[in-house]
Each structure stands twice: as C-alpha cells, then as structure tokens.
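Structural description and commentary
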Amino acid sequence: MPSLSYRSASKIAAREMRSSRGKFFFVILSVAIGVAALTGVRGFSNSFRTTLLMRARSIMAGDLSARTNQQPTPAETEGLTDIQAEGVRMTPVTELLSMASAAKTMDPLLISLKAVDPSNYPFYGTVDLEPAGKLAAVLTSDSVVVADDLLVRLKLNVGDQLKIGNKLFRISSIIVNEPDRLSSSFAAGPRVLISRQGLEESGLLAPGSHAGQRYLFKMPPPPNGSPVSDSAVADLKARLIKLLPESQVTDYRETNPALTAGLDQATSLLSLMSLVALVLGAVGVAMAMRAHLQQRLDTIAIMKSLGAGSGQIIKIYLIQTLLLGLAGGILGVLLGIGVQLAFPYLLQSLINVRPDLHLDTRAIIAGLGAGVLTTLLFTLPPLLDIRSIRPILILRRAVDDEELSLPQKLSQFLKKSRSQISAFLLILGGLAFIASRVSDSASVGKWFTVGLVGVLAVLLLASFIVLKTLKFFLSRTRLHLPSVLRHGLANLYRPGNPSSALLAALGMGVMQIMMVFLMQHAVVKQLQISSAPNLPNLFLVDIANSEVEGMRALLTRARGVTAAPELLPVVSSRIVAIDGAAANEIKTKNFPKHMLRSIQLTWAETPPPGAKVEEGKWWSAAQSTAAGEHPLVAVADFQAKRLNLHIGSTITFAAQDKQFDATVAAFTRSDGQHAYSRAEFILPPKSLAGLPTIWYGGVHVAPAHVSELQRELYAKYPTVTVINVAQALETIRGVVIQIIYVVQFLAAFSIFAGIVILASSIAGTRYRRIREVVVLKTIGATRARIAGIFSIEFAVLGLVAGIVGVFFANVVVNGLLRILTVPSQVEWGWSFGGLILTAALTVATGWIASHRILGQKPLEILREE
Amino acid sequence: MPLTQDAVTESVSEVSRQDTIQVRNLRKSIRNGTRTVDILKGIDFNVSHGQFVAIMGSSGSGKSTLLGLLAGLDTPSSGDVILDGQSISYLPEDKLAQVRGRTIGFVFQSYQLIPTLTALENVLLPHELNADSSKSDGLARARTLLTSVGLDDRLDHYPVQLSGGEQQRVALARAFVLRPPIVLADEPTGNLDTVNGAAVLELLLNLNKTEGTTLVLVTHDPVLASYADRVITLRDGLVVSDALNPTPAAL
C-alpha cells in the first residue's frame, strides 16, 4: 500500500504550523507553561529542599547520632571502623557533669562539659563564638571555650585560667551557640567546650565514669553532586541500631519534629503542585489540540477525497503534535530554568538564603518528556477522531446522521468507543507513569491517577447534571427570558460545542488551582504557628519544689518575657516491668536497656501545650480523681514504639521506694518546642502525689533581654541551670519562614500558570463562534448585543465550573490535610472568592478572545468560506 | 468540441463490460432530527468508458448526494456503485480511500485546495498519497499538467495568491495527475465569472479528451449540460429523464 513519505507528511505538518502561527502559539504556550511549571516547581523545590534539609541537619550537627553511656566493645569498634571505611565520617562527642574552678579564687562550679574534636565537629552548622572565630582555631588541648554565664558566676574574663579536673585551661573564647545544643542532654551548669585531648589530659574520664557518649555520623556525599538521600540515612540508621544495641540512634529528622513536619508538608505540597502543573498543562494541550483539529476538518476532508487514508492523515497530525509538544517542551524547560535562575536572587534579598542550584539534566529531560508525552496522549482522542471524519463534508456542510437500526448504532458506538476507551486507558497509564516520575513514588502515581479518574468522572457527571438542569429551566421559561439571556444560555447547547467537556476541563482547572491555594493556605498557617515568636527559648533545669512559685512570679514579670512561663514537674523513676515482663526481658527497639533505669515522669491534668493525642484517649476528670488507685500514663508515641507498647499496656514504675502499675491510656506527639516536649511519660497528678519532685521550666524571652534575665535568675536561684536556646530557635524559625516564602512563591507561580492555561483553553473555543457572529451581524445584531450574549455564556460556564471545582477542591484538600495531620477547616470566604474570580476571569477571557471576531466585518469571514 | 463517436452511438441502458460506472438501485436516507428523509429513492444507470455525462437537477434534487456516493465519499443506505468493475459502496474506509485516490479525480465548486501547499504541491499531493513509490514521474507530470492549464509561471504560489480561475485550474491539474479513469466535477464553474468559467470548462473538456477519462459533471446550469454527450436529470431523488445529446455544444 502506498503511503505518504515522512518527508511529505512533515512538510505538510510544518507548513500548517507556519501558516497559522497565532493559533499554534497558544498550543505551544499551553504546553510550555505546563512544562515550565513542572520543571520550575520540581527543580526549584528540589534545590531548595536540599538547602533546607542541610539546615535541619545542622540542628543535630550530623546526619545521625548514636547516644550511649558505655564504651564500645571491641566488636562494636570494629563495626564502626568498617562503616568509616565506606566513607561515612564519625566524630565522638562526650558530655559529662564536672566541677570547675577559677584558677585564682578556686571558687567551684558545676559545669556541663562537652568534649569534641574541633577538626571534625560540627559536621553541619557552625559554632557561634564571641568574638567571632573558628572553633578549630580557639579550641586546643590547652584551652576551653565557655558560656558567658560561667564568666558571670566565677567573675572571670576571656584569657583567664580555669581548672578542670587536674589541668589548667585558658579560656580562649565565649560560646554563644553550638548547632546541636537542642539535641544535647539538658544538664545542670554552664556549657564548657573542651577538646578531646584536653579532656583526656584532665584525667576526668576514668573508666566507668558517668559520661554520656554521642557519635555523630556524616554520610559521604553521592558522587553525582545530588544531596544525601533520606533512604541512605535510613539504611545507615538501621545498621547502627543493629551494631550498637545499647545506644539510642536518631536521625536528623527526629531532632525537631516541627521543622521536619513543616518540611514534609512543604514537600508534599510541592509535589502536589508539580502534579497539578502537569494536569493543567495537559488540559491546556488537550483543549488546544481539539480546537486545532476542529479547524482542520476541511483540509482533512479534502485529503480524504483525494484518496488519503486515515492512517496517512493521522501521520501528518501526529508529526505536527510531536513538533508542537517538542517546541512547547523546549520553551517550557527554558522558562522553567529561567524561573529557577531568577527566583533565588529575589529570595536572597528577602530571606538571605541562596540555594545551591544545579540544573539537573534529568529534571530537564523529564520535563521535556512529560511535555511531549502529555501532548501526545491528550491529542490521541482527537487524532483518533480523524478516522470518523467523513469526506462528504466537502460537499455538504452539515453531515446528518444516517438512519441506522439499533444494533447498527450500538455496534458503531462500541467500535468508536473502543478506540476512545483504549485511548483513555493509555492516557491514564501515561499520566500515572509521569506522576510517579514526578513524585518519585509509584504509589503516589497510582493514587493520583485513581483520584484523577474519580474526580474527572464526578466532574463530568456534575457538569452534565448542571447543564441538563439548566436546559430544563430554559425549556420552561424560554420565551419569558430576555432574548440576550436566552440566546446566551442557548449557546451552551450549540451543536458541536462540547460544553460538558469544556466545563469538566475548566472545573478541573479551577479545582486544581483552588487546591493549591487552600493547601498552601493551611500549610502556611500551620507553619506560622510553629515559627511563632513566643515559643520557649530559655529552659530552666533543677528548680526545687520550694522555688517554683517564686520562679513563676519572677518569670511572669521579667522584662522581655512574651508568654506565660511553662513549668513542668519531674519525678525520677525507673521502669521495672512492662506487661508483667521484667525490665531485662523486655523486647525493645532502639531503646538501650540502661535507659529504663532513668525514666522521668511528669504530671498533667490536660494534654500539655504542644502535645497532641495520637492514639487512645486522655483521661477524664473522673479517671484523674481515681488515679491514686488506678494510675494511668500517656507515653510519647516514638518511645511507645521503641518499648513495644500498646494502648492498655501496663507499665510498672518504681520511684523512690514506691512501686506502682500504670495503664497506658494514650500516645502523645509533641511539637518539640515546649518545655513539656521533653516529657515522655505523663501521668495524672494523683498518681504521683507525694513523690519527690523537681521542676523544669521554659519561657520565651526577647533575644535582647536573655542575658539580663539570665543574670537575675542566677542572682536569685543560683542552683538553677539556665539553658539558652534562643539562638538555635532563631535558626529553626528562620528555616520555617524560608519554607513559607518558598511555598507561597511556588503556589503563586502554579496558580498563575494555571490561570493562563485555562484562559488559553477558553480562547481556543473562539473559532467556533466566528460563523455565529457573522450570522448575527448580517441579521443586524449590534456588537454590544453579541458581547452580551457571549458574556452570559461565559459567565454561566465560569460559575458552573467554579462551583464544581471549588466544591471538589475543598473535599480533596480536607482529605489531604488530614493525611498530613494539618488542621483543616472550610475556607468559606476564599471559596466564595474563588468562585466569583473564576466567573469574572472566564468572562474577561471570553471577551478578549472574541474581541477580534466582534470587530470583523461579516463579509471578510464569508469570503474566507 | 467534438466527442468520441462510439460514446454517442452506445445505448444508454445496455450494460456492457466497458461500463466504467454502474449504479444499481441506489438509495440514501438521512435522519433529520426525528424525521427520516429519503434523498435518493432508487437510482439506476450506467456510464460507459469515455462518456461525458451531465447530472442535472434543481437544489434538493439529490444530485450532490449522488455525486458523493459515486465518489465513495459517503455510503448508501442500500444499492450499489460499481466503478471499473469494483463495487465500492461497502468497502472499509481505508480501501475506499484507495479507490478514490486511484480511480477518481475531483473538481469541486469551491476548488478545495490545501491552503498551506503551493500550486505544485497541491497537484503533487494525490501522487504522494496514492502512487506506488516506484512511480517517480509525479513531479514531471504535475509540472506538465500545470503548464497545460497555463500556470507554468505560478507553480510556487499558494492558493491565496491565485485568482479563483487559477485556483480551479490547479484543481483541474490535481484531478488528472494520477490518470484516473473517472473525473467527477461538482459545479466546476459555479464560483467563477463567465470568462473564467468558460476557460476552465474548456480546459476540463480538453483534458478529458486528451486523457481519455470518463467525466461526470453535476450542475444545475443547462448551458453547461449542453456540452455533455448525455444528460441525466434528477428530481426528488429519482431519475426523471436520461437522454443522449446527439449534438453536444462546442466551446
């Protein structure tokens, strides 16, 4: 069988593209904006996430830490050496309580000593010194770096001598903050940083001494320059847990739950935006290609009458589609790169962060591939429709339906729909594939596709019902309506006007845009809470029972305190048994047995600030009253997992000489940002009545007043240790604010791109209107009247699409937020605003698109016929 | 213009092996809303090789529908169209396209050139769509035909750059490029003024003669029909007269 050569087919395809550049510009633009949103959002969020995760790592100063209070066994040492041989870097951090004294006065003071290797520590972040300097330069075997409250208490200055153990050290600098301060154990006494050699020479580290040992680990960077993956960290974590059963291994994500939750939410939101960009781009392409092929009906009919088979014509338009997809894809990738390149400069001036940007060739290829693939997939149905275009079209304008018997009709319908159904399935498969590539997860791809099908089906159905209802209304009221309104509404049912498809596409677009907006709104609101400026930044350790009221009063009236102080009672205890199994027989996961001997209990009547009940139920007033006889306990969920607890488990605690069984009532999750966040076992007050208590406290002080308050506390309560995390909290807050900016920017970008795509889809339908305008004009309709008719048509389209889209956006966002554990509520104001805006934009776009047609003289168009 | 002698003397109703077109009890109904309209109500005729037949009828008589069925652009409700011994009415779409391409040349009232192709490319298109790849003389033939219709200096012009008469001459060249046995023309001069119309008609009849094709021309213009060897008149979907024209008019 003879067939059109690729050269001739390409020639015809290219010629058509050149001859109607204006129309094709819209198609290419739709693809380009979709691809740009995809590569831009994806590429940018990737680089930004890397940068932010780097910040998150600096809170731990490493990728992973293993905490133990035992010296590693020879076998463990060997295992650690093996791990280091693979390129993983490791540095030990030793923390212990010790006495220090000023060399001149010999005044003693309890200090919390932290020994580090200044050539390795910290792996991430920096140690802030005053005067500014590098840790490695000031921390030698003969010197120490101290917190300024030590200088205050011992009346010393930088340069003076401090005796630790049996060695004299020179105070070489003041330490303001070290990156892992939040993850260090809260110990009494001012911080003193010492080198490992210095610690050894001090003679403090006798065998069996009570030193806390932490090993920090840093993963080797992957050779291709991409960031350390979470899975690599998780792998190493699993290995370390196996290797060091007596230590507690944590990764950087666990150090600040609020921050990592914020990052996770932001990341989910960013992948959602990528997917939305993809769908919107695809909708744009599909609408543009359909309108385009509608325009080509005549040419196709001519070619068929000249003996062209459908295959040959499809070949021509397939080539054209490929060219369009490729052109749009290239333009889109360029735009996406432009966004990625331009945005950091903008952002830098706002939040002083510059993500390292590497243009990922894989992301570019993915963007290009997605562009071409979605173009191809979505043009498949109109391309297949080419087969049903009858060449008789060139002889008779309107092709009437043939008279067919029912079985004939049915078989024709099935024949036609079979290919359409397979095209539809192919599109779904393709979308699932792209979605899983975009989100780097097959299950996300699957769910996204399933969700998309569901939503599309519901949208089509809803559009269909709305249109039918409107038609019913129209048929009842027809002649009572003003003619402009009647005509405008009737236009929705114009033969060949795929109103329900357009409505579904528009509704889908509105839904996606609204989803991005609502999600962004909820996540940002949540992030703003976790970056709230009144979280405790000064922690107080070892407040005696008798000091609590005085302390509360002092903290409440002190200058610069912005929120009520949080004071937390602590009862020291140990776990004797769980569910009847003795402590040394309990099966635990990543929970060193020795830690069962130092369990801190606290009491609370209601869930403490920053904590949420994840599972089970908090105790009622009645249960609390009876808690003396029937103790209950709420356990932090991560500890519950490690101890293999379930709701209803019994934990036998021992405090002093009292032993009691408490029933696990609830698992809690804290945000890690309150004094209570350190409380892992909470009981009703009655359960702990009469046991010796000390108190911990947390308060927020404006950074400028921190040292003032520190001095006052020292003067009034010299035995209370004050831990200043203001600096560390500022870092976290800064990161969260950065996340907010990024999320808002990218959401705005996606929304803008979506609006442009939808507008061009609406504009694409204008060619269908030309003939109608001509007829109306020849029978004497004024421009104003025609514009009125169109406005009504577009306004109804916009309103219906808006209602359907906004409604489903709220439904989906509610579900998504629940999964992300972000509190959600229906945003009535925004939803209503979205609805009105959709209608207004639809009408405006309709106007702009029809403007040229309205201005044309009827004859100009009749001549073109 | 004189016509071939044997075509004139041949009996209209006699079915011979030479009959290029055979139409058998052709019916076509279409659905118009809820009503069914019978456009063709059973038509029979044969056209022998080399004959020039005019099909006449007023608007709505069914002549365009008949032309569409003759050309295989549409499928009949019942009956059959046989071209060159092959029944085409119920062929699958792609087979039908092949028949159209190889057996029929088209001339339409509104030219129907592809706007994005030049005159030469338009003429070449049927060749590219239908000819075996072994035949490489398409380009030369297209040039020759365009020269023969007087457009040798307009080869690279696009349809919009050509006048109506010129466009129709390109369409003529396109209709003959594959040497089809049958040429179907639908009001070929309908959009043209008298002078241009006469010129196009003369070219059409000339090509028909030199290429030895069978020509079926649909028109409502009796003047145009007077050039034909035979005139078939339709009314309300039936043949009301079928007469040989012993003395076709000459241009």
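These remarks concern the structure in this document. (Residues numbered from 1 in each chain as written. Chains lettered and ligands numbered in written order. Predicted model: local features only at pLDDT ≥ 70, side-chain atom pairs only at ≥ 80, totals over all residues.)

1. Some thoughts on the overall build of chain B
- The helix and strand tally for chain B stands at 8 helices and 10 strands.
- Residues classed as buried in chain B amount to 51% of the 251 residues present.
- Sequence-distant contacts, at least 24 apart, represent 70% of the contacts inside chain B between residues at least 6 apart. (Helix = DSSP H or I, 4+ residues; strand = E, 2+ residues; numbered from the N terminus. Buried ≥ 20, exposed ≤ 12 C-beta atoms within 10 Å, placed from the backbone. Contact = placed C-beta atoms within 7 Å.)

2. A word on the nonpolar core
- Of all hydrophobic cores here, the largest spans 302 residues; its most connected members are Val633 of chain A together with Leu172 of chain B.
- For this core, the element with the highest residue contribution is helix H15 (residues 499–530) of chain A, accounting for 19 residues.
- Excluding residues that lie within four positions of it along the chain, leucine 172 of chain B makes contacts with Val107, Val149, Val200, Leu203, Leu204 and Leu207 of chain B. (Core = buried A, V, L, I, M, F, W, Y, C linked by C-beta atoms within 7 Å.)

3. Remarks on unusual backbone geometry
All names here are of chain A.
- The residue after tyrosine 121, namely proline 122, is reached through a cis peptide bond having omega -10°.
- Mapped onto the elements, proline 122 comes out in the loop between strand S3 (108–116) and strand S4 (128–130).
- Residues glutamate 130 and proline 131 are joined by a peptide bond in cis, for which omega reads 0°.
- Structurally, proline 131 is set in the loop between S4 and helix H4 (135–138).
- Even without a glycine there, the phi angle at glutamine 656 is positive, about 50°.
- In this structure, glutamine 656 sits in the loop between strand S18 (650–655) and strand S19 (658–670).

4. Points about the interface of chain B and chain A
- At the interface, 35 residues of chain B touch 30 residues of chain A.
- Elements represented by at least two residues in the side of chain B that touches chain A include exactly strand S1 (19–32), helix H2 (63–70), helix H3 (93–103) and helix H4 (119–130) of chain B.
- Across the side of chain B that touches chain A, the residue classes tally to 14 nonpolar, 12 polar and 9 charged. (Nonpolar A, V, L, I, M, F, W, Y, C, P; charged D, E, K, R; others polar.)

5. Quick word on the pairing of strand S8 (residues 191–195) of chain A
Residues and elements named next belong to chain A.
- When you tally the buried positions in S8, you get 5 out of 5 residues, the bulk of the element.
- Neither face of S8 is left uncovered, since the one carrying Arg191, Leu193 and Ser195 and the one carrying Val192 and Ile194 both have all their residues buried.
- Sheet topology places strand S5 (residues 143–146) next to S8; 3 bridges connect them, and they run antiparallel. Bridging from a neighbouring strand, valine 146 pairs with valine 192 of S8. (Pairing = 2+ DSSP bridges.)

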